[in-house]
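# Residue-level structure breakdown
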Amino acid sequence: MTKSVVLADPRGFCAGVDRAILTVQTILKAAEASGKRTREDGLPPVYVRRQIVHNKHVVEDLAGQGAVFVQELAEIPDAAAQAGIPVVFSAHGVSPVVKAEAERRGMHVVDATCPLVGKVHREVLRFVREGYEIVYIGHKGHDEAVGVVGESPEHVHLIEHESDVDSLEFSSDAKLVLLSQTTLSVDETAGTIAALKERFPWLEMPPKAKFPWIQEPPSSDICYATSNRQAAVKLVAQQSDCVVIVGSANSSNSVRLMEVAQEGLGERGKAYRVDDASELDPAWFEGLESVGISSGASVPDELVSGVIDALQNLGFTGMKSVETIKENMHFVLPAELRRKK
Ligand code: SF4
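Residues numbered from 1 in each chain as written. Predicted model: local features only at pLDDT ≥ 70, side-chain atom pairs only at ≥ 80, totals over all residues. Heavy atoms only, no water.

### A look at the packing of aromatic side chains
Applying the stated criterion across every chain yields a total of six aromatic pairs. Ring centres of Phe170 and Phe200 lie 5.4 Å apart, and the angle between their planes is 70°; this geometry places the pair in the edge-to-face category. Taken as a pair, Phe170 in the loop between strand S7 (156-159) and strand S8 (175-180) and Phe200 in the loop between helix H7 (186-199) and helix H8 (224-238) lie far apart in primary sequence, 30 residues in all. For Phe200, a relative accessible area of 2% puts it in the buried group. Both rings, one in Phe200 and one in Trp202, keep their centres 5.7 Å apart while their planes meet at 85°; by these two values the pair is edge-to-face. Among the aromatic side chains, those forming a connected cluster through ring pairs are Tyr272, Trp284, Phe285 and Phe316. The side chain of Lys3 reaches across the aromatic face of Phe316, ending 4.6 Å from its centre. Over the aromatic face of Phe127 sits the side chain of Arg126, whose NZ or CZ is 4.7 Å from the ring centroid. (Phe/Tyr/Trp six-rings, centres within 6.5 Å; stacked < 30°, edge-to-face > 60°. Helix = DSSP H or I, 4+ residues; strand = E, 2+ residues; numbered from the N terminus. Buried < 20%, exposed > 50% of the residue type's maximum accessible area, 1.4 Å probe, protein only. Lys NZ or Arg CZ within 6 Å of the ring centre and 35° of its normal.)

Structure below.
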């Protein structure tokens, strides 16, 4: 029997990641074209706050082209603001505190926050204005969650798991609404939402008209790309003896994909996450007939190709694709770049 690879479709880049990477590339290209790539003052053509997307290969590639990545704005010298060097905010979004700091220091911000994340920020502000307390399901410390909670730390209550629901206390007359991080696992969130609804039956779901990508059920802000990739990998896992997810350890949606794949495989096999082909261990595939493959929303397809090549070298020469949906989402570049055109 031919040993084969089972490839998930859709996988890899989502519209928000595509836009964020293109944002940095566009600035780099413009600097190159105007001869400002290597500046006499030693400043780079662009600064990026945090990883533009959570993938080390993407970050290394852009850094190799001249982008300088910083953790905090404090690492950027004042001379950069004076020289008009752009500072890009990553796809995960930032809290108002960061925006205020950039404004105070006169920085030239190009905001590459994914529009779907930006929508959640705006919803937080609207619900707070309307007197709601917001229960937000997300991962503590993740850039996206930090940014959203930062919109109103006293009214946004972050929980991670079903077991955290008991820690919440609200009076019965509190107006409550649910929001969530965009990259969670649809199934895992369902359990947390069920527990929340049992404890706080009056909890409201986010408005569907404004969140057309919302899953139904369960209702949450998990974005189209996250849910599409999870649905595809679930089918792939059913047809595979093990699954390899290509994606970085700090990529929330990649880690969730691995969890969804593991759930689909059950006792039959194991799901692995690797950054690239160099992390594959041939021992994982001994005696297997089919290996499922998918990748997180921040992963370039050439990394997936590298994994496929490595598996072909191990004898997995058959190839099958499991396609669940055709994606056609596209976001225009940030307004700051469109204005310059
Ligand atoms: Fe935007 Fe979803 Fe991609 Fe995150 S995973 S950047 S929310 S499209």
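### Describing the sheet that holds strand S2 (residues 47-49)
A sheet is described by the order of its strands in space; here four strands give the open sequence S3-S2-S4-S5, paired in parallel fashion. Since the sheet does not close on itself, it has two edges, and those belong to strand S3 (68-70) and strand S5 (108-111), each with one partner. Within the sheet, the average angular offset between the axes of one strand and its neighbour, ignoring direction, is 30°. Running at roughly 175° to strand S4 (residues 86-89), helix H4 (residues 96-104) makes contact with S2, S4 and S5 of the sheet. (Pairing = 2+ DSSP bridges. Axes fitted to C-alpha atoms, helices over the stretch in contact; angles between N-to-C directions. Contact = heavy atoms within 4.5 Å.)

### Details of the packing of H8 against helix H9 (residues 252-265)
It is the contact of H8 with H9, at a shortest axis distance of 8 Å, that shows an interaxial angle of 35°. Considering only the axes of H8 and H9, their crossing is right-handed. Residue-level inspection shows Arg229, Gln230, Val233, Lys234 and Ala237 of H8 in contact with H9, the latter providing Arg256, Leu257, Val260, Ala261, Gly264 and Leu265. (Left-handed = near helix turned anticlockwise from the far one by under 90°.)

### A short note on the pattern of salt bridges
What the rule picks out here adds up to 12 salt bridges. Its salt-bridge partner being Arg11, residue Asp301 comes within 3.2 Å of it at the nearest N-O pair. Note that Asp301 is positioned in helix H10 (residues 301-313) and Arg11 in the loop between strand S1 (4-9) and helix H1 (15-33), a separation of 290 residues in sequence. One salt bridge in this structure joins Arg256 and Glu259, with 3.0 Å as the shortest N-O distance. With Arg256 and Glu259 both in helix H9 and three residues apart, this pair spans about one turn of that helix. Looking at Arg256, the relative accessible area reads 8%, which means it is buried. A single network of salt bridges, built from pairs that share partners, joins Arg49, Arg50, Glu72 and Asp143. (Salt bridge = Lys/Arg side-chain N within 4 Å of Asp/Glu carboxyl O.)

### A short note on the pairing of S4
Residues Pro86 and Val88 line one face of S4 and the alternating positions Val87 and Phe89 line the opposite face, and both faces are buried. Note: S2 against S4, three bridges, orientation parallel. Looking across to S4, one finds that Tyr47 is bridged to Val87. In terms of strand pairing, S4 meets S5 through four bridges, oriented parallel. The residue of S5 that forms the bridge with Val87 is Val109. Crossover handedness for the path S4 to H4 to S5: right-handed. (Right-handed = clockwise from strand over helix to strand, strands pointing away.)

### Observations concerning the site of the ligand
Close to the ligand lie Cys14, Gly16, Cys114, Leu116, Val117, Thr182, Thr183, Cys223 and Tyr224, which account for all nearby residues. For the shell around the ligand, the class distribution of residues is six nonpolar, three polar and no charged. (Near = heavy atom within 4 Å. Nonpolar A, V, L, I, M, F, W, Y, C, P; charged D, E, K, R; others polar.)

### Considering H1
With 19 residues, H1 extends 26 Å between its outermost C-alpha atoms, agreeing within 8% with the 27 Å of an ideal straight helix rising 1.5 Å per residue. Following H1 by one or two positions, Gly35 adopts a phi angle in the positive range, close to 70°. (Expected span 1.5 Å × (residues − 1).)

### Digging into the confidence of the model for the chain
Averaged over all residues, the pLDDT of the chain equals 93, while 95% of them reach at least 70. A low-confidence stretch, residues 211-219 (pLDDT under 50), is modelled with 28 contacts involving residues beyond four sequence positions or located in other chains. (pLDDT = per-residue confidence, 0-100.)

### Remarks on the sheet that holds strand S6 (residues 132-137)
Pairing is parallel in the open sheet, where three strands are placed in the order S7-S6-S8. Taken across any chain shown, the strands that pair with only one partner, and hence form the sheet edges, are S7 and S8. Sheet twist, expressed as the mean angle between neighbouring strand axes with direction ignored, is 25°. Bridge analysis of S6 against S8 gives six bridges, and the strand direction is parallel. Paired with Tyr136 across the two strands is Leu179, which belongs to S8. Across the face of the sheet, H7 comes into contact with S6, S7 and S8 while running at roughly 150° to S6.

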